[in-house]
Amino acid sequence: MDAHSKAPAITGEGCFAWSTAKGCQSSPDFVRMLDFGGKGFLGRTGFSQQTHPPVFVTLHPRTEIGSLPSLKVDALEGGIPRICVDLREGEIQDQEEGQQLLMAALLLREYYEGGAPLPGSRVPQFPAWVTRGLASLCFPAEEPFRIPSSYLKVKGGNPPTLEDFLIQRPPERSDPTISDLYDASAACLLKSGLSTSAGQAAFREWVGRDDQNQPDRVPSRWVGGWEMRPVERRWLLLMAGSSADGNGEIRIQSVADSMKAYDAVMAGVPEGASIHSLALDKKSGGYTLAKLSERLTTLHLRANPLVLPLLDQTIILVAKSPKFPAKKIAAEEKRLAELREVIVKQSRAIDEYLDWYEAAKLPLRSGTFDKFLQNQETVIKKGPVGGYLDIVEKRGW
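1. With respect to the nonpolar core
Here comes step 1: By size, the foremost hydrophobic cluster in this structure holds 60 residues, and its most contacted members are Phe41, Val57, Trp129, Leu189, Phe203 and Trp226.
Here comes step 2: The biggest single contributor to this core is helix α3 (residues 96–112), with nine residues.
Here comes step 3: For Leu189, the residues in contact, after removing those within four places along its chain, are Trp129, Leu162, Phe165, Leu166, Trp222, Trp226, Val231 and Trp235.
Here comes step 4: Formed by 22 residues, the second largest nonpolar core is a distinct cluster that contains Val265, Val307, Leu317 and Ile329.

2. A short note on the packing of aromatic side chains
Here comes step 1: Evaluation of the coordinates by the stated rule reveals twelve aromatic pairs.
Here comes step 2: Aromatic side chains Tyr111 and Tyr112 sit 5.1 Å apart centroid to centroid with 85° between the ring planes, which places their arrangement in the edge-to-face category. For the pair formed by Tyr111 and Tyr112, the shared burial category is buried.
Here comes step 3: Both rings, one in Phe126 and one in Trp206, keep their centres 5.8 Å apart while their planes meet at 65°; by these two values the pair is edge-to-face. With Phe126 in the loop between α3 and α4 (128–138) and Trp206 in helix α7 (residues 197–207), this residue pair connects regions lying 80 residues apart in the sequence.
Here comes step 4: Among the residues examined, Trp206 registers a relative accessible area of 7% and is labelled buried.
Here comes step 5: Each member of the aromatic cluster is reached from another via a ring pair, and the members are Tyr111, Tyr112, Phe126, Trp129, Phe203, Trp206, Trp222 and Trp226.
Here comes step 6: Seen from the ring of Phe56, Arg82 lies directly overhead, with NZ or CZ sitting 4.0 Å from the centre.

3. Section: the pairing of strand β2 (residues 16–20)
Here comes step 1: Within β2, five of the five residues are buried, which leaves the element mostly enclosed by the surrounding structure.
Here comes step 2: Covered by surrounding structure in β2 are Phe16, Trp18 and Thr20 together with Ala17 and Ser19, the residues of both alternating faces.
Here comes step 3: Both strand β1 (residues 9–10) and β2 contribute to a ladder of two bridges, which runs antiparallel. Paired with Ile10 across the bridge in β2 is Ala17.
Here comes step 4: Connecting the antiparallel pair β1 and β2 is a turn made up of five residues, with Gly14 showing a positive phi of about 75°.
Here comes step 5: Of the strand pairs in this sheet, β2 and strand β3 (residues 55–60) are connected by five bridges, and their pairing is parallel. In the strand pairing of β3, Phe16 is matched with Val55.
Here comes step 6: Chirality of the crossover, the property in question, places the unit of β2, helix α1 (residues 28–45) and β3 among those that are left-handed.

Conventions adopted
For every chain, the first residue of the written sequence is number 1, and numbering continues from 1 onward in sequence order. pLDDT decides what is reported in this predicted model: residues at 70 or higher carry local features, side-chain atom pairs at 80 or more are listed and counted, and totals for whole chains, interfaces and linings draw on all residues regardless. Here the side-chain values reflect all heavy atoms present in the structure, with hydrogen atoms and water set aside. The nonpolar core is taken to be a set of buried Ala, Val, Leu, Ile, Met, Phe, Trp, Tyr and Cys residues, with the residues joined through side-chain atoms within 4.5 Å. Classification of residues uses two cut-offs on accessible area relative to the type maximum, computed with a 1.4 Å probe and protein chains only: under 20% is buried, over 50% is exposed, and between them is partly exposed. Secondary structure elements follow DSSP: runs of H or I no shorter than four residues count as helices, runs of E no shorter than two count as strands, and numbering proceeds from the N terminus. Contacts: residue pairs with any heavy atoms within 4.5 Å of one another. Under the pairing criterion, centres of Phe, Tyr and Trp rings, with the six-membered ring standing for Trp, must be within 6.5 Å; the plane angle then separates stacked pairs below 30 degrees from edge-to-face pairs above 60, leaving the rest tilted. For a Lys NZ or an Arg CZ to count as sitting over a ring, it must be within 6 Å of the ring centre and within 35 degrees of the ring normal. For two strands to be treated as a pair, DSSP must find no fewer than two bridges joining them. Convention used here: a crossover is right-handed provided that the path from the first strand, over the helix, to the second strand proceeds clockwise when the strands point away from the viewer.

So, in structure tokens, the structure goes:
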């Protein structure tokens, strides 16, 4: 613990012991989220509340310089492990990486079972789909991510397979769209495997050090006690269920949201650079273009249909840019900018027409425009003379 840290406080389930470094104050939200995450972990996995040492979480100020968030494991006197997670203020609320480390720390807590790691042994690393899936389940977002229906129809209309997902390289956090898709898929996979008591028991056995003679045992990519095909079927059903709203309709981004996401992707091109200059950059241009194409393709999964032509033509331009001369690429970029403006104007025109049609033509209305369509009663305001004349009129002439 940092020399300036306060004495740690234990969360309700005993999973975490938290403290704050000098210059940092904990918030009630931070403490509640730690407690909620610990309860979620125990409830999802079936691990019982143990007397193992808690995971020590230290909250550091935003201004502190260092590699945060971080996870480390030490051995204390008496053969007791000390698992520490250091977070920068706001990490757990704003960044999924801190939540993933907290779940990895809880898994290590169960792995060591109160016994310190042997000197020279390496700390096991659990598969990313497990730690990221647990983080999504135990720290659920206010607005759950909806898996695009098109993701469930790949390779000629066939759904994805567990084998492909397990060997997939975890995406970087810098691409929120594909990262959220991966995390949501991992969460569905964990829910599928942990849906039965037998599945929970197999998971706990997979996490624990079942062979004390192998201190360097690395967890396998798959939970050995889970039957892959039944788990895969439940996984696909869960993903299909999460891809639709409550009324069964697939959620598609609005034009405004799609354009905002498109602009965010294109902002990945370094300032002052162009697609053509990246194509000529032999050192890092190819990597940047590849990431740009990957993010555009991911956005294509859930973008509004009006925006798809812009995405398609941008993807084609990125792919063919190494073969195009500078003038042609500049002309294409200008044309794409004009296409963007045309789509925005078309979207506004459609919205205005639909508003007019609902207000003027539909016999059954949503109620959005009712207050504007009602005949407002005119209130007549009278002064002293008008009021006196009304009195005289009531008396009769």
